[in-house]
Amino acid sequence: MNRMALADHPKVWPEDDAVGPQEFSAQKHDLPIRLDGVSKNFGQRQVLLPLDLIIPAGQFVAVIGRSGCGKTTLLRLIAGLERASSGAVFVGESRVAGLQRRVRLLFQDARLLNWQSVLRNVGIARGHGWQERALKALREVNLLDRAKDWPSVLSGGQKQRVSLARALVSEPDILLLDEPFGALDALTRLEMHELLTRIWLENRFTTVLITHDVSEAVALADRVIVLRDGGIALDIPINLPRASRSLGDAATGRLQAEILKHV
Amino acid sequence: MWQARLQRVSDIAQRWILPLAILIIWELAARSGWLNQRLLPAPSAVAVAFWRSLSDGSLAANTLISTERALKGMLIGGSIGFGLGILNGLWRPAERLLDSSLQMLRNVPHLAIIPLVILWFGIAEEAKVFLVAIGVLFPIYLNTYHGVRNVDPGLIEMGRVYGLSRLALFTRVILPGAMPSILIGLRYALGIMWLTLIVAETISASSGIGYMTMNAREFLQTDIVLLGIIVYALLGKLADTLTRWLEQYALAWHPNYQKAEAVA
């Protein structure tokens with residue numbers, strides 16, 4: 001199925017996508033993320049053991065693990081929605097102490113305002129020229145024709161595209177994705193993967209994707225981190241060209257098997 | 001095409017058969033003297049009474065004063081209920097201070113304080129407005145409070161992540177999210193508004209529909225009494241229709257109301 005979908009869109013990725021994860025060109029929207037001995041506990045329950053992690057600017061990292069392994073907590077710490085119990089999170093040079101304008105988060109559910117049109121949802125922060133910027137973001141996710149619709153008439157995949165557009169409007173330096181495709185059917189998920197890859201290649205923001213799907217992690221990321229029992233069990237680069245990462249590819253399969261062993 | 005139209009006409013006809021039959025039998029029974037006209041006048045007599053009170057202006061004047069009282073009470077009680085609901089929904093300390101007291105007061109039937117209200121205000125305008133205000137306050141308070149409390153916390157978190165100010169968060173996320181519940185409260189309140197006014201006007205008033213019917217009872221003008229009841233029914237129906245329009249306008253985004261619109 002994967003191969004068929006790719007065959008239908010042979011030009012999803014630029015020709016020169018042999019760019020390895022090590023050679024990041026300095027693009028406009030990217031900031032590094034650094035975690036120094038960050039731990040988190042809720043009351044007695046230790047969710048994250050102290051961990052150190054550096055995500056270079058512009059890298060696409062997938063964090064996978066079983067439910068309850070602390071991956072969502074890790075994301076919320078970077079977003080500034082939670083405070084670390086010890087250690088510090090840095091975005092760029094500054095220490096994270098709360099919500100940041102440069103960081104945008106996509107939730108598991110689209111979290112659209114049902115009482116506002118798609119366009120107003122995308123331009124939720126308003127500000128100068130928000131309508132043009134929202135329309136531009138909607139064009140990027142191929143939903144320009146739904147700008148005037150209510151969100152309730154959209155499909156699950158379309159809703160997540162709207163929420164992706166909403167994140168793009170503010171041109172973030174860091175994009176955090178909390179299993180945004182988990183509830184979608186397999187075909188829609190593949191479409192979303194292609195869309196996200198295209199948008200990431202255009203913007204190159206530092207991206208952290210939380211997922212429980214190994215094939216999704218391998219298909220999208222430069223680097224996969226496996227979280228287990230609150231600690232990093234595996235940290236592995238994906239050095240395959242994006243266009244060849246399909247289900248049938250032998251190297252992709254070996255990587256997936258290797259990662260699955262550590263989950 | 002014409003078959004469908006015929007079907008619609010026959011549907012409508014079926015709905016009206018029973019009420020029309022009752023009216024005709026009632027009219028015949030009254031004319032034949034089988035019904036005592038003093039106790040239940042004929043429909044035609046009510047129609048005549050309607051025409052008479054319309055032409056001498058008393059019906060319009062009484063309806064107007066009743067509506068004015070109802071709206072004043074609604075405005076005052078509704079604003080207080082709405083304000084308290086928003087305050088307690090948004091701010092925990094206020095909720096802890098006020099909510100249990102309000103819940104206690106809510107359980108007092110507001111018509112039970114009529115004797116007290118007459119002592120305080122006599123039969124002045126304030127008495128009726130006060131009773132209506134007390135009556136509508138609680139349904140609006142409760143539904144506003146629950147509406148605000150039940151706004152999806154995920155949406156509020158999303159609003160914060162996307163940098164909305166407190167005011168924007170309130171006007172774009174919390175208030176519209178609570179609106180379906182608030183409008184249900186409004187609809188309840190409208191029913192209570194008319195009920196309260198009827199009781200208040202029959203007990204202590206010198207004008208209004210309630211006064212008109214009580215006065216007519218003194219003179220055994222049963223046709224006017226019946227007319228008053230019909231006017232109340234129409235006013236209630238009118239208020240209900242207006243809220244339904246308001247709902248369809250304010251909740252156009254809501255899938256339930258979109259369906260209702262498509263059917264209508």
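So, how was this worked out
- The numbers attached to residues start from 1 for each chain and follow its sequence in the written order.
- Labels follow written order: the first chain is A, the first ligand is 1, and so on.
- Only residues with pLDDT of at least 70 get local features here, since the model is predicted, and only at 80 or more are side-chain atom pairs given and counted; chain-wide, interface and lining totals rely on the full set of residues.
- Each pair of strands is called paired provided DSSP finds at least two bridges between the two strands.
- Numbering goes from the N terminus for both helices and strands, where a helix is a DSSP run of H or I of at least four residues and a strand is a run of E of at least two.
- Distance between backbone-placed C-beta atoms decides contact: two residues are in contact if it is within 7 Å.
- In this analysis an axis means a line fitted to C-alpha atoms, helices contributing only their contacting stretch, and an angle means the value between N-to-C directions, from 0 to 180 degrees.
- Here a residue counts as buried when 20 or more other C-beta atoms sit within 10 Å of its C-beta, as exposed when there are 12 or fewer, and as partly exposed otherwise, the C-beta atoms being derived from the backbone.
- Any residue outside Ala, Val, Leu, Ile, Met, Phe, Trp, Tyr, Cys, Pro, Asp, Glu, Lys and Arg is labelled polar, Gly included; the first ten of those are nonpolar and the last four are charged.
- With respect to orientation, any angle under 35 degrees is reported as roughly parallel, any angle over 145 as roughly antiparallel, any angle of 65 to 115 as roughly perpendicular, and every other angle as oblique.
- Take the far helix as the reference: if the near one is turned anticlockwise from it by less than a right angle, the crossing is left-handed, and if turned clockwise, right-handed.
- Any helix carries an expected span of 1.5 Å times its number of residues minus one.
- The arc in question is the one traced by the directions running from the helix axis out to the C-beta atoms.
- By definition, a nonpolar core groups buried Ala, Val, Leu, Ile, Met, Phe, Trp, Tyr and Cys residues that connect through C-beta atoms lying within 7 Å of each other.
- Boundaries between domains were set according to an automatic or database domain assignment.
- Confidence of the predictor in every single residue is expressed as pLDDT, which spans 0 to 100.

### Structural notes on the sheet that holds strand β1 (residues 33-42) of chain A
All names here are of chain A.
- One open sheet holds the four strands; their spatial order is β2-β1-β4-β5, and the pairing between them is antiparallel. The open sheet has two edge strands, β2 (45-55) and β5 (94-95), and neither has a second partner.
- Looking at chain direction, strand β4 (residues 86-91) and β5 are connected through two bridges and run antiparallel. The residue bridging V91 from the neighbouring strand is S94, located in β5.
- On top of the sheet, helix α2 (residues 71-79) reaches β1, β2 and β4; it is set at about 120° to β1, its chief contact.

### Re the pairing of strand β9 (residues 223-228) of chain A
Residues and elements named next belong to chain A.
- For strand β3 (residues 60-64) and β9, the ladder comprises four bridges, and the chain directions are parallel. Bridge pairing in β9 links V61 to R223.
- By the bridge criterion, six bridges tie β9 to strand β10 (residues 231-237) in an arrangement that is antiparallel. Across the sheet, residue V226 finds its bridge partner in β10, namely L234.
- Taking the residues that link successive antiparallel strands as the turn, the β9-β10 hairpin has two residues, and the phi of D229 there is positive, at about 50°.

### A word on α2 of chain A
Residue and element names in this part refer to chain A.
- Of all nine residues in α2, eight are buried, a share of seventy percent or more.
- Restricting attention to buried positions, one finds in α2 the residues K71, T72, T73, L74, L75, L77, I78 and A79.
- One or two residues past the end of α2 sits G80, with phi positive at roughly 85°.

### Concerning the interface of chain A and chain B
- Counting from both sides, the interface comprises 14 residues of chain A and, opposite them, 13 residues of chain B.
- Grouping the amino acids of the side of chain A that touches chain B by side-chain chemistry returns nine nonpolar, two polar and three charged.

### Describing the packing of helix α2 (residues 43-55) of chain B against helix α10 (residues 222-250) of chain B
Residue and element names in this part refer to chain B.
- Closest axis-to-axis distance for the α2/α10 pair is 9 Å, and the angle between their directions is 80°. As summarised for this structure, α2 and α10 are arranged roughly perpendicular, according to the angle between their axes. Between α2 and α10, the residues in contact are A45, V46, A49, F50 and S53 and D223, I224, L226 and L227, respectively.

### Some details on the packing of helix α9 (residues 209-218) of chain B against α10 of chain B
All names here are of chain B.
- Put simply, α9 and α10 touch, their axes get as near as 8 Å, and they point 160° apart. By the angle class used here, α9 and α10 are roughly antiparallel. Remark: the crossing between α9 and α10 carries left-handed chirality. From α9, I209, M212, T213, A216 and R217 reach across to α10, where they touch I224, V225, G228, V231 and Y232.

### Brief notes about the environment of V103 of chain A
Residue and element names in this part refer to chain A.
- Its place among the elements puts V103 in strand β6 (residues 103-106).
- Judged by local crowding, V103 falls into the buried class, with 25 C-beta atoms found within 10 Å.
- Sequence separation of V103 and F205 is 102 residues, and the distance between their C-alpha atoms is 9.8 Å.

### Considerations on α2 of chain B
Residues and elements named next belong to chain B.
- Counted at 1.5 Å a residue, the expected span for α2 with its 13 residues is 18 Å, and the 18 Å between its end C-alpha atoms agrees.
- Inspection of α2 places A45, A49 and S53 among the buried residues, and these make up the whole buried set. Within α2, the buried residues cover an arc of 65° as seen down the axis, which keeps them to one side. In α2, those exposed residues whose orientation departs by more than 90 degrees from the buried face are A47, W51 and S55.
- Of the surrounding elements, those touching the buried residues of α2 are α3 (58-90) and α10.

### With respect to the nonpolar core
- Counting residues in hydrophobic clusters, the biggest one holds 119 residues, and the most contacted among them are I78, A165, L176 and V224 of chain A together with M193 of chain B.
- The element contributing the most residues to this core is helix α6 (residues 125-149) of chain B, with 15 residues.
- Formed jointly, this core draws a minimum of three residues from each of two domains, domain 1 (1-12 + 29-102 + 174-263) and domain 2 (112-171) of chain A.
- In contact with V224 of chain A, not counting residues within four places along its chain, are A62, I64, A217, V218, I236, I238 and I259 of chain A.

### Regarding the confidence of the model for chain B
All names here are of chain B.
- The predicted model of chain B has a mean per-residue pLDDT of 90, with 97% of residues at 70 or higher.
- Across residues 260-264, where pLDDT falls below 50, the model places two contacts with residues more than four positions away in sequence or in other chains.
- Two numbers describe this predicted complex: its pTM, 0.81, and its ipTM, 0.82.

### So, the domain arrangement of chain A
Residue and element names in this part refer to chain A.
- Assigned domains within chain A: domain 1 (1-12 + 29-102 + 174-263) and domain 2 (112-171).
- Summarising the inter-unit geometry, the C-alpha centres of domain 1 and domain 2 are found 24 Å apart.
- Domain 1 puts 12 residues into the contact, and the matching count from domain 2 is 10 residues.
- The leading source of residues in the side of domain 1 that touches domain 2 is helix α6 (residues 186-203), at five residues.
- Tallied by class, residues from the side of domain 1 that touches domain 2 come to eight nonpolar, two polar and two charged.

### Describing the sheet that holds β6 of chain A
Residue and element names in this part refer to chain A.
- If you trace the six strands from one edge of the open sheet to the other, you get β6-β7-β8-β3-β9-β10, paired in mixed fashion. At either margin of the open sheet sits one strand with a lone partner, and together these are β6 and β10. For this sheet, the mean angle separating the axes of adjacent strands, direction not counted, is 15°.
- One ladder, built from five bridges, connects β3 with strand β8 (residues 206-211); its direction is parallel. The partner of I64 across the bridge, within β8, is T211.

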